[in-house]
Every structure is written in C-alpha cells, then in structure tokens.
Amino acid sequence: VAGGSHSGEHLSSAEKYDPDTDTWEAIAPMSVPRKWFGFVACRGYLYAIGGESEDDSLLDSCERYDPKKNAWEPIESLRAARNGLAAVTDAQEQHIWAIGGASGSPGESYHEQYPVKCVECLDIDDVGPGNWTNDEGGSDLPFAVDGFCAAVFDDRIWIFGGSRTSSSYDTHSTVLVTQFDEK
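Right, let's walk through the structure included here. Remember, it's a predicted structure, so these values are computed and weren't measured experimentally.

What follows covers a nonpolar patch on the surface. Judged by side-chain polarity, Val 1, Tyr 17 and Trp 24 come together as a nonpolar surface patch covering roughly 350 Å² of accessible area. Summarising the element assignment, Tyr 17 is placed in strand β3 (residues 14–18). The exposure class assigned to Tyr 17 is partly exposed, which follows from its relative accessible area of 39%.

The next thing to look at is the packing of aromatic side chains. Throughout the structure, instances matching the rule amount to five aromatic pairs. Relative to Phe 160, the ring of Trp 158 has its centre 6.2 Å away and its plane inclined at 10°; by these criteria the two rings are stacked. What makes Trp 158 partly exposed here is its relative accessible area of 26%. Each member of the aromatic cluster is reached from another via a ring pair, and the members are Phe 153, Trp 158 and Phe 160. Just above the ring of Trp 36 sits the side chain of Lys 35; from NZ or CZ to the centre is 4.3 Å. A cation over a ring is seen here: Arg 64 above Tyr 45, with NZ or CZ 3.8 Å from the ring centre.

We now examine the side chain of Glu 63. By secondary structure assignment, the location of Glu 63 is in strand β7 (residues 58–66). Residue classification places Glu 63 among the buried positions, given a relative accessible area of 1%. There is a polar contact of 3.1 Å between the side chain of Glu 63 and the side chain of Arg 34. Apart from the residues within four sequence positions on either side, Glu 63 is in contact with Met 30, Ser 31, Val 32, Arg 34, Leu 46, Tyr 47, Ala 48, Trp 72, Glu 73, Pro 74 and Ile 75.

Take the nonpolar core next. Formed by 14 residues in total, the largest nonpolar core has its most connected members in Tyr 47, Ile 49, Leu 78, Ile 96, Leu 122 and Trp 132. Going through the elements one at a time, β5 (38–42), β6 (45–52), β10 (95–99) and β13 (119–125) are the ones with two or more residues in this core. If near-sequence neighbours (up to four positions away) are discounted, Leu 122 is found in contact with Tyr 47, Ile 75, Gln 94, His 95, Ile 96, Pro 129, Gly 130, Asn 131 and Trp 132. Judged by nonpolar contacts, the second largest core, of 12 residues, contains Cys 121, Leu 141, Val 145 and Ile 159.

Another point: the environment of Ser 139. Here Ser 139 is to be found in the loop between β14 (128–133) and β15 (149–153). Judged by relative accessible area, which is 58%, Ser 139 ranks as exposed. Counting along the chain gives 19 residues from Ser 139 to Glu 120, while the straight-line C-alpha distance between them is 9.1 Å.

What follows concerns the sheet that holds strand β9 (residues 86–89). Here we have four strands laid out as an open sheet, ordered β9-β10-β13-β14, and antiparallel in their pairing. One side of each edge strand has no neighbouring strand; the edge strands of this open sheet are β9 and β14. When strand polarity is set aside, the average angle formed by the axes of neighbouring strands in this sheet is 20°.

Turning to a negative patch on the surface, a few remarks are in order. A cluster of acidic residues, Glu 9, Glu 54, Asp 55 and Asp 56, forms a negative patch on the protein surface. Counting through the fold element by element, Asp 55 comes out in the loop between β6 and β7. Looking at Asp 55, the relative accessible area reads 55%, which means it is exposed.

About the cut-offs
- Residues numbered from 1 in each chain as written.
- Predicted model: local features only at pLDDT ≥ 70, side-chain atom pairs only at ≥ 80, totals over all residues.
- Heavy atoms only, no water.
- Patch = residues over 30% accessible without salt bridge, like charges linked within 9 Å, V, L, I, M, F, W, Y side chains within 5 Å.
- Areas by Shrake-Rupley, 256 points an atom, 1.4 Å probe, with all protein chains shown as cover.
- Salt bridge = Lys/Arg side-chain N within 4 Å of Asp/Glu carboxyl O.
- Helix = DSSP H or I, 4+ residues; strand = E, 2+ residues; numbered from the N terminus.
- Buried < 20%, exposed > 50% of the residue type's maximum accessible area, 1.4 Å probe, protein only.
- Phe/Tyr/Trp six-rings, centres within 6.5 Å; stacked < 30°, edge-to-face > 60°.
- Lys NZ or Arg CZ within 6 Å of the ring centre and 35° of its normal.
- Polar contact = N/O pair within 3.5 Å; in protein donor to acceptor, adjacent residues only side chain to side chain.
- Contact = heavy atoms within 4.5 Å.
- Core = buried A, V, L, I, M, F, W, Y, C linked by side-chain atoms within 4.5 Å.
- Pairing = 2+ DSSP bridges.
- Axes fitted to C-alpha atoms, helices over the stretch in contact; angles between N-to-C directions.
- Lys, Arg positive; Asp, Glu negative; His and termini not counted.
- Charge placed at Lys NZ, Arg CZ, Asp CG, Glu CD.

Written out as structure tokens, the structure is:
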C-alpha cells in the first residue's frame, strides 16, 4: 500500500503486508506524496506512476521501490502528466503500460480535467527501465477513460469501469479488451 490521501493530506507513506504474521510494516516513503497514480509490480520492484501532487497538480514523475535497499528511486517521467491512470505489465515483465487517466492544465480541479486515450509503454530489461514511448503494444485507447481498473489476462489488457467524461459522476460500465504485442 502506498500514497493516497487521508483527511485531505496527500501521502508518501508506504507499507508492506506479511501474511505469515498477519502484520503490516512501514517501508521507506515515496519521494513524492501522490494520489490517484498507477501502481504496478514488475521484476521485483514496485512502480508509482504519475498521479496528483500535494498542490493538486498532475504529475508526470515516476519512481520505483527497491525492496533490497528499502528505497525509492526516480525513473523516467511520463510523456504526459496525468492522474486516474492504470498500470499493468505483461507476463514476461518486459513492459509496463501506463493507460488512460485524466489530464488538464496545472491548478485545475479534478472536475475540470478530462479523460485521455493515452497509452505509454516503458521497456524493462535486465539493466532497468528505459524511456516511456507509445511504440510497443500499438495505439492509444479507442476512447478516453479515467478512474478505471485494468488487468492483464490471456495476453490481453482488460479495462473495466471508469469515467469517459470530465464529470466524475458520469461513469460507464466499460469492458474494453485490447491485445498487446508480445515482441
């Protein structure tokens, strides 16, 4: 568990759960307090992607947690700042996709932001993460969406729910299945 907000305060704190002892333990906090960000595990690291900062600005910054060092380190920023996005990885853990979310101008409230179709891909190899592109896995989403869930199943990215308009109250029961390229 990492980030989020509590009583209006954006959090950088993070915790891990030990099922053997049924206990939670604090780990190093993220370097940036963030909420509404993409979060995914890949190749033994946790990745925090984009989101919203303490001053309600959209974030393009990304960082990853190394459990061996109990430390977060910055990685390449997204090409487009956004919150409400989802993050997934393929079964071979060679790519991380940052999908959809909401964008807007700095200082705009969440209700003034608009969903986006953007899909960015981060290549992961033995040396670490590369740069965000939208080359691997094809094109943007067929429609803009934020505040949704995503998962990889049967070599496809599945997207469920979310909002397709700037009003967070206008939700749709969306099921979108898109196949990614297993290069």
